[in-house]
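An overview of the molecular structure
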Amino acid sequence: MFMDTYNMVYGTQGSQLHYAVNIIGIYKTEGTIWTKGKKSKFIDEKYVAWNDDVTYYRLERKKNRVVIYDAHSDERDKYATKFKFEPNNYTYSIKDTKEGYAITLKAKRGVKGIKEARCLLDKRTRHPISVRIKLGIFHTTIKISNFKAGGIADDLFRFPREQYSAQKYEYEDMRR
């Protein structure tokens, strides 16, 4: 059941969702993310990012700066390496609750990064409702809404350079 939902979110048909993140009450953000295979785009109050699976562009809104990375570089996001997920690194259990299906993932011995996660799925659609992640001693909660699977066009992941002219925006290329 977990892998069906995981593939609904990250599969080749694409998906869209609104997220609200709360990292132990210290850091909060929300935005919208689109994924399709290894491609992604997200928008929040500080950033807009496009990843076409070759190049990653991050617009820093307040600084009017576009920073460019290789699509799969760990340097592009200070949190990305902490939240990398490999499904085979976990054991799974499921509980039927009144809120939905609660799937608990526990890291196998020696796995770095996410130690435990609890994913809540809608009973009817199996769409994700929330994810609570334990990373070390900290917990992060991600509430998910407005989920849509499929119908995501590839053009969405292309950086629209014509909208961000070099006269108005600074460009910083971090590719190697």
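Residues numbered from 1 in each chain as written. Predicted model: local features only at pLDDT ≥ 70, side-chain atom pairs only at ≥ 80, totals over all residues. Heavy atoms only, no water.

As a further point, take the overall build of the chain. Helix and strand counts for the chain stand at one helix and twelve strands. In terms of overall dimensions, the chain is globule-like: its C-alpha atoms have a radius of gyration of 17 Å, near the 16 Å expected for 176 residues. Dimensions of the chain, computed from the C-alpha atoms along their principal axes, are close to 55 × 35 × 30 Å. Looking at the chain as a whole, 40% of its 176 residues are labelled buried. (Helix = DSSP H or I, 4+ residues; strand = E, 2+ residues; numbered from the N terminus. Rg over C-alpha atoms; globule rule 2.2 N^0.38 Å. Buried < 20%, exposed > 50% of the residue type's maximum accessible area, 1.4 Å probe, protein only.)

Here the focus is helix α1 (residues 2-10). Listed as buried for α1 are F2, T5, M8 and V9. Buried residues in α1, looked at end-on, bunch into an arc of 125°, giving them a common side. (Arc of directions from axis to C-beta.)

Even without glycine at this site, N64 takes up a positive phi of about 50°. By secondary structure assignment, the location of N64 is in the loop between β5 (55-60) and β6 (65-70). Unlike most non-glycine residues, N146 shows phi in positive territory, near 50°. Taking the relative accessible area as the measure of exposure, N146 reaches 60% and is therefore exposed.

If you look at the biggest cluster of nonpolar residues, it comprises 26 residues, and the most contacted ones within it are L17, Y19, L105, I133 and I142. For this core, the secondary-structure elements that each account for two or more residues are α1, β1 (15-23), β6, β8 (101-107), β9 (114-121), β10 (128-135) and β11 (138-149). Sequence-distant contacts of L17, defined by excluding residues within four places in its chain, comprise V9, G31, T32, I33, I144, S145, N146 and F147. By size, the runner-up hydrophobic cluster in this structure holds nine residues, among which are Y57, F159, Y164 and Y169. (Core = buried A, V, L, I, M, F, W, Y, C linked by side-chain atoms within 4.5 Å. Contact = heavy atoms within 4.5 Å.)

Within the structure shown, the criterion is met by eight salt bridges. Between R158 and E162 there is a salt bridge, with its nearest N and O atoms 3.5 Å apart. By relative accessible area, which is 58% here, E162 ends up exposed. Residue D173 pairs with R175 through a salt bridge whose shortest N-O separation is 2.5 Å. You can call R175 partly exposed: its relative accessible area is 36%. The network of salt bridges with shared partners includes R58, E60, R65 and E172. (Salt bridge = Lys/Arg side-chain N within 4 Å of Asp/Glu carboxyl O.)

Below, the discussion takes up the packing of aromatic side chains. As enumerated under the stated definition, the model contains ten aromatic pairs in all. Plain terms: the ring middles of Y6 and Y10 are 5.0 Å apart, the flat faces sit at 45° to each other, and that makes the pair tilted. Taken together, the residues Y6 and Y10, both in helix α1 and four residues apart, mark about one turn of the helix. Since its relative accessible area comes to 41%, Y10 is described here as partly exposed. (Phe/Tyr/Trp six-rings, centres within 6.5 Å; stacked < 30°, edge-to-face > 60°.)

Turning our eyes to something else, we now look at the side chain of N51. Counting through the fold element by element, N51 comes out in strand β4 (residues 47-51). Taking relative accessible area as the criterion, N51 reaches 2% and is therefore assigned buried. A polar contact of 2.8 Å, which involves the side chain of N51, links it to the backbone nitrogen of D53. With sequence-adjacent residues up to four places away left out, N51 is seen in contact with K38, K39, S40, Y56, A71, R76 and F157. (Polar contact = N/O pair within 3.5 Å; in protein donor to acceptor, adjacent residues only side chain to side chain.)

Just geometry here; none of it tells us what the structure is for.
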